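Residue-level structural notes
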Amino acid sequence: MFRQLQARFGGPLAMAIITLLGVWLIVMVTLPQLQMIEYSLRPNLLPAQLGGPEDRLTLENYATLFGNDIHRSIFFKTIWSSVLVTLLTLAVSYPLAWYLAKIATPRQAALCILLLIVPFWINEILRTYSWFIILAFRGPLNEVLMALGFIERPIRFLNGNGGVMVGMVYAYILFMVFPVYNAIESLDDNQVRAARDLGAGTVRTHRRIVIPHAKPGIATGCIMTFMLAAGSYAVPALLGSPGSRWFTQIIYNWFFEGGNWNQGAAYAFLLLVLCIGFMSLVMKFFKVGLGDIGR
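Only a predicted model underlies this, so the values are computations on that prediction, with no experimental measurement involved.

1. Some points on the nonpolar core
With 51 residues, the main nonpolar core has Leu100, Val180, Ile184, Ile218, Phe247 and Val282 as its most contacted residues. Of all the secondary structure elements, the ones that give two or more residues to this core are helix H3 (60-67), helix H4 (69-103), helix H5 (106-117), helix H9 (174-185), helix H12 (215-230), helix H14 (247-257) and helix H15 (261-286). The element best represented in this core is H15, accounting for 12 residues. Once you skip the residues sitting within four places of it in the chain, phenylalanine 247 turns out to touch Leu65, His71, Ile74, Phe75, Thr78, Tyr267 and Leu271. In this structure, Leu158, Val164, Ala171 and Trp246 belong to the second largest nonpolar core, which totals 12 residues.

Take a look at the structure:
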């Protein structure tokens, strides 16, 4: 990396970039994580008890999750739901990325990308509120469906996880579309033409030619979407029902309502470990490395 920067910017500027990057990684990434781990291994004590005999390293904060049936079920539900959000986002994004990369004209692709990006100029909370209005019991979606005769009475879309899934797919679609689009765009069109000339249908062409070439982009999109979904707070808080709580909501409650930062740090660290484990599984499944994902 240093040699590439040195060849492009020169020695002094390359050294300055590497130094700034190192400082940023240490101050903004490493030290906060180490502080969180240290907090998670300490009991929640009053200020007067700090440094006393009760202030010791312990795994009790982690044991709380596995001893609390409600929190444990929400934790595993968050894992499964985040995987489902990732798969749904991939299912929506892959055809769109293929269209942008290989079918649309440059003008059509530019217009489509603009239409995708413009809504994201608005704050995420406002965009989530828009889905709250659309999916409301007396919202526009129910009114249109009843006007067309598809349903006789309004449907409660915001009961359960349905509204959360829709909101998350919409919120994180760009993080899936663009990595897949960049990967597919680099595919030589002659390979697709050769596959079709040899009699391969659309499904087989994508399975044997396009998807293997786009594996780094798909892996990147899946990792980013899963991590954002698992760590989301605003979308499940606004679009979810009381029975569809997300694990991040429990972490928020520990920090800002329960006042137990130590317990919240333990839960947050477990969520971080989960995301790292998912990233490793995706990289192993797609047989790609960090270098492939970073291209």
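2. Considering the environment of isoleucine 125
Within the element layout of this structure, isoleucine 125 appears in helix H6 (residues 124-134). A relative accessible area of 41% means that isoleucine 125 is categorised as partly exposed. A sequence separation of 117 residues divides isoleucine 125 from proline 242, and the C-alpha atoms of the two residues are 19 Å apart. Excluding anything up to four places from it in sequence, isoleucine 125 contacts Ala234 and Leu238.

3. Topic: the packing of aromatic side chains
With the rule as written, the count across this model stands at 15 aromatic pairs. Each ring, one from phenylalanine 255 and one from phenylalanine 256, has its centre 6.3 Å from the other, and the planes form 45 degrees; the classification is tilted. A relative accessible area of 21% means that phenylalanine 255 is categorised as partly exposed. Classification of phenylalanine 256 as exposed rests on a relative accessible area of 58%. Between phenylalanine 255 and tryptophan 261, the aromatic rings sit 5.8 Å apart at their centres with planes inclined by 65 degrees, giving edge-to-face as the arrangement. Above the plane of the ring of phenylalanine 137 lies arginine 156, whose end atom (NZ or CZ) is 4.1 Å from the centre.

Calculation criteria
- Residues numbered from 1 in each chain as written.
- Predicted model: local features only at pLDDT ≥ 70, side-chain atom pairs only at ≥ 80, totals over all residues.
- Heavy atoms only, no water.
- Core = buried A, V, L, I, M, F, W, Y, C linked by side-chain atoms within 4.5 Å.
- Buried < 20%, exposed > 50% of the residue type's maximum accessible area, 1.4 Å probe, protein only.
- Helix = DSSP H or I, 4+ residues; strand = E, 2+ residues; numbered from the N terminus.
- Contact = heavy atoms within 4.5 Å.
- Phe/Tyr/Trp six-rings, centres within 6.5 Å; stacked < 30°, edge-to-face > 60°.
- Lys NZ or Arg CZ within 6 Å of the ring centre and 35° of its normal.

Remember, this is a structural readout, not a statement about activity or role.
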